[in-house]
Amino acid sequence: MADPRIRQLVIKTGVVKRLAKEKTVYEKEVNTELARLEKFKTDGSDDHVLRKQAEVIEECQMMIPDSKRRLQKEYDVLEKYLQDEQDLKENEAYTKAAEVLSEAKTVLET
């Protein structure tokens, strides 16, 4: 049977990868909804529609700090795990985890 440390490494890597993607999606959604709001404004939409669209944008913007916080937490966990399990360095899962960690760092900095 496979080493349980590798299994944990794969799980932690998947969590960081998913959270990085989630943060990116929320940021894209905010931009999409802002463009939609501008379109509504230029089309002369009703005030109610504009207010609702502003609420949608506000909700999306509120999700970004939360997803960033969760990503940072799991990033730190994975980073520590990689440091603690240096003997797995030759394993493909370790290499993949290091790649995901560097991608997540880029997402955290934006």
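Provided above is the structure to which this section pertains.
None of these values were measured; they are calculated from a predicted model. (Residues numbered from 1 in each chain as written. Predicted model: local features only at pLDDT ≥ 70, side-chain atom pairs only at ≥ 80, totals over all residues. Heavy atoms only, no water.)

## Observations regarding helix α3 (residues 92-109)
Counted at 1.5 Å a residue, the expected span for α3 with its 18 residues is 26 Å, and the 26 Å between its end C-alpha atoms agrees. Taken together, the buried positions of α3 are A93, Y94, A97, V100, L101, A104, V107 and L108. Mapping the buried residues of α3 onto a view down its axis gives an arc of 130 degrees, with all of them on the same face. Exposed side of α3, more than 90 degrees from the buried face: E92 and E109 are the residues found there. Against the buried residues of α3 lie α1 (4-43) and α2 (47-84). The backbone nitrogen of A93 lies 2.7 Å from a side-chain oxygen of the residue at the head of α3, namely N91. (Helix = DSSP H or I, 4+ residues; strand = E, 2+ residues; numbered from the N terminus. Expected span 1.5 Å × (residues − 1). Buried < 20%, exposed > 50% of the residue type's maximum accessible area, 1.4 Å probe, protein only. Arc of directions from axis to C-beta. Contact = heavy atoms within 4.5 Å. Polar contact = N/O pair within 3.5 Å; in protein donor to acceptor, adjacent residues only side chain to side chain.)

## What about the nonpolar core?
Of all hydrophobic cores here, the largest spans 18 residues; its most connected members are L9, V16, L71, L78, L82 and A104. Of all the elements in the fold, those that place two or more residues in this core are α1, α2 and α3. By residue number, the principal contributor to this core is α3, which donates 8 residues. Non-local contacts of V16, meaning those with residues more than four positions away in its chain, are made with L71, E74, Y75, L78, V100 and A104. (Core = buried A, V, L, I, M, F, W, Y, C linked by side-chain atoms within 4.5 Å.)

## Brief notes about the side chain of Q53
Mapped onto the secondary structure, Q53 falls in helix α2. Residue class for Q53 comes out buried when judged on its relative accessible area of 4%. In this view, Q53 contacts E33, R36, L37 and F40; residues no more than four positions away in its chain are not counted.

## Some points on the pattern of salt bridges
Following the criterion strictly, the structure yields 12 salt bridges and no others. Between E38 and K41 there is a salt bridge; the shortest N-O distance is 4.0 Å. Within this pair, E38 and its partner K41 are both found in helix α1, separated by 3 residues, close to a single helical turn. Its relative accessible area of 47% is what places K41 among the partly exposed residues. Each of D3, R5, E85 and D87 takes part in a single network of salt bridges with overlapping partners. (Salt bridge = Lys/Arg side-chain N within 4 Å of Asp/Glu carboxyl O.)

## Remarks on the packing of aromatic side chains
Scanning the model with the defined rule gives 0 aromatic pairs in all. For the cation-ring pair, K12 lies above Y81, with the distance from its terminal atom to the ring centre recorded as 5.3 Å. (Phe/Tyr/Trp six-rings, centres within 6.5 Å; stacked < 30°, edge-to-face > 60°. Lys NZ or Arg CZ within 6 Å of the ring centre and 35° of its normal.)

Geometry only, nothing functional implied.
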